[in-house]
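Spelled out, the chains give:
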Amino acid sequence: MNLHEYQGKAILNSFGVRIQRGIVADNHLKAVEAAKQLTVETGTSWWVVKAQIHAGGRGKGGGVKLAKSLQDVETISKNIIGMMLITPQTSVEGKKVNQVLIAEDVYYPGEAQHEEFYMSVLLNRATGKNMIMYSTEGGMDIETVAEETPHLIFTEEIDPTLGILAFQARKIAFNLDLSGDAFKEMVKFVTSLYTAYINSDATLFEINPVLKTSDNKILAVDAKVTIDDSSLFRHKEYINLRDLREENPIEVEANAVGLNYVALDGNVGCMVNGAGLAMSTMDLIKQSGGEPANFLDVGGTADAERVETGFRIILKDPKVKAILVNIFGGIVRCDRVAQGIVDAYKNMGDEIKIPIIVRLQGTNAVEAKILIDQSGLAVHSVVEFQEAADKVKEVLAF
Ligand code: GDP
Ligand code: MN
């Protein structure tokens, strides 16, 4: 589950990480109230208006703007709320902005002694350890830094059973060229950041920029946070943080009915039982000259109802030109699945306007093929993997 910047910052703050303070608003009047409130709390007289969407690069896209008066706050918020914000990380249409974060200006006008760093905490699957990636080159695209000056990116591996050790936090502060109060602040920042990452069951905390202010405070100006979905059962306090408006609507719908569906960019929909078979089916589609439109694992019970639900979900994607059903009948018998497909197809009538290729293999595969072939429906049935590949190629040629 991805979080908005303001939600990520609230979690950071609860673990003692210093943050740029802010208040979220969904219209320009509330934005002005938020700005006034921030002045009471922090004494700030300038503010930044920050679009809240699940994508980075907002600054570049015009979604982060400095406001030097309450009038500015109002005008800028009015412009940003409701706009389609296009950034290097969104689609070409952009993402609709539903709310803005009004934040205190932490760059102290007139003084240029601040420094911007990059820092993230994530899992290194190869070593089975957590790692802190950090760089002196914050505030810009970390991908560009990685490409052009990779020696400026450091990583520190943290053994999850030991947690972050004091010397590691000091090493990070040292490599960032800090001394005095800023050094101490950074040690505290890194340690609390790691604690936040562990205790919130996150898979990513990315802070870009981490700011060193002219008075040597270290704080999080941005926060990109992903919480591990599999841990949500023990984080009831995070359930309301999910913003479904930011997620793919077909995925949301599929997940609500218990289907394991991931939307992709291609033109061939697929319905498969088992994640491994689903992966190899996607490979097969690619090798046949198509592109998978989705990943869909219907699981063990491929009955008529489930098959129909699967078809309906796949067909919501207008890019789909054909559907490949690839089911292995181990626990479930192929003839039952075939019957399910026939029933679902009949039920849906002319809602299905594209070719469907069905490959059933395993228990009663032959009976299943006969069942489909004799149904009189426009379904191509095959038994071998290669035949399925050839059929996909054939139907895509039209
Ligand atoms: P992103 O573009 O989506 O990564 O959004 P960020 O939260 O990182 O903000 C983008 C940029 O806005 C930062 O790199 C800063 O340069 C700038 N910015 C953020 N907060 C402030 C602030 O308080 N004052 C000023 N002057 N600039 C800020
Ligand atoms: Mn950023």
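Residues numbered from 1 in each chain as written. Chains lettered and ligands numbered in written order. Predicted model: local features only at pLDDT ≥ 70, side-chain atom pairs only at ≥ 80, totals over all residues. Heavy atoms only, no water.

1. Re the layout of surface pockets
In this structure, the second largest pocket spans a volume of roughly 330 Å³. As for the second largest pocket, its lining consists of 18 residues, and the residues nearest its centre are Thr-42, Glu-104, Asp-105, Val-106 and Tyr-108. Here the lining of the second largest pocket is composed, by residue class, of seven nonpolar, six polar and five charged. Looking at which domains feed residues into the lining of the second largest pocket, each of domain 1 (1-20 + 109-247) and domain 2 (21-105) supplies at least three. (1 Å grid on protein atoms, 1.4 Å probe; cavity = no way out; pocket = protein on both sides within 12 Å on 5 of 7 lines; lining within 4 Å. Points joined across faces, edges and corners; volume = space filled by probe spheres on them. Nonpolar A, V, L, I, M, F, W, Y, C, P; charged D, E, K, R; others polar. Domains from an automatic or database assignment.)

2. Some remarks on the side chain of Asp-297
In this fold, Asp-297 is placed in strand β15 (residues 294-297). The buried charged residue Asp-297 lacks any salt bridge, with Arg-306 as its nearest oppositely charged partner at 7.1 Å. Among the polar contacts made by the side chain of Asp-297, one reaches the main-chain amide nitrogen of Gly-274 at a distance of 2.8 Å. Every residue in contact with Asp-297, bar those within four places of it in the chain, is listed here: Asn-260, Val-272, Asn-273, Gly-274 and Ala-275. (Helix = DSSP H or I, 4+ residues; strand = E, 2+ residues; numbered from the N terminus. Buried < 20%, exposed > 50% of the residue type's maximum accessible area, 1.4 Å probe, protein only. Lys, Arg positive; Asp, Glu negative; His and termini not counted. Salt bridge = Lys/Arg side-chain N within 4 Å of Asp/Glu carboxyl O. Polar contact = N/O pair within 3.5 Å; in protein donor to acceptor, adjacent residues only side chain to side chain. Contact = heavy atoms within 4.5 Å.)

3. Concerning the domain arrangement of the chain
Segmentation of the chain into domains returns domain 1 (1-20 + 109-247), domain 2 (21-105) and domain 3 (249-396). One C-alpha centre belongs to domain 1, the other to domain 2, and the line joining them spans 22 Å. Contact with domain 1, which involves 16 residues of that partner, is made by 20 residues of domain 2. Between domain 1 and domain 2, roughly 1,500 Å² of surface is buried when both sides are summed, and carbon and sulfur atoms account for 43% of that area. When residues of domain 1 are sorted by the area they lose upon contact with domain 2, Tyr-6, Gln-20 and Glu-246 head the list and together hold 41% of the total. In this structure, the connection of domain 1 to domain 2 is made through five salt bridges. Between Asp-141 and Lys-60 there is a salt bridge, with its nearest N and O atoms 3.3 Å apart. Our enumeration of links across domain 1 and domain 2 arrives at 13 residue pairs in polar contact (both at pLDDT 80 or more). Of the residues assigned to the side of domain 1 that touches domain 2, the class counts are five nonpolar, three polar and eight charged. (Buried area = accessible area lost by both parts, 1.4 Å probe.)

4. Some words on the coordination of the manganese ion (ligand 2)
Expected angles at a metal are 109.5 degrees for tetrahedral coordination by four donors and either 90 or 180 degrees for octahedral coordination by six donors. Of the protein atoms, only Asn-208 (O) and Asp-222 (OD) coordinate the manganese ion (ligand 2), at distances of 2.2 Å. With Asn-208 in strand β10 (residues 202-212) and Asp-222 in the loop between β11 (218-220) and β12 (224-227), this pair connects stretches of sequence that are 14 residues apart. We note that Asn-208, like Asp-222, is buried. (Donors = N, O, S within 2.8 Å, 3.2 Å for Na, K, Ca; no water.)

5. Digging into the sheet that holds strand β2 (residues 47-51)
If you walk across this open sheet you meet the four strands as β1-β6-β2-β3, and the pairing is antiparallel. Among the strands making up the open sheet, the edge pair consists of β1 (22-25) and β3 (64-67). The mean inter-strand angle of the sheet, taken between neighbouring strand axes irrespective of direction, is 25 degrees. For β2 and strand β6 (residues 100-104), the ladder comprises five bridges, and the chain directions are antiparallel. By the bridge assignment, Ala-51 is partnered in β6 with Val-100. Running at roughly 50 degrees to β6, helix α1 (residues 5-14) makes contact with β1, β2 and β6 of the sheet. The sheet strands contacting helix α3 (residues 70-80) are β2, β3 and β6, and the helix crosses β2 at an angle near 5 degrees. (Pairing = 2+ DSSP bridges. Axes fitted to C-alpha atoms, helices over the stretch in contact; angles between N-to-C directions.)

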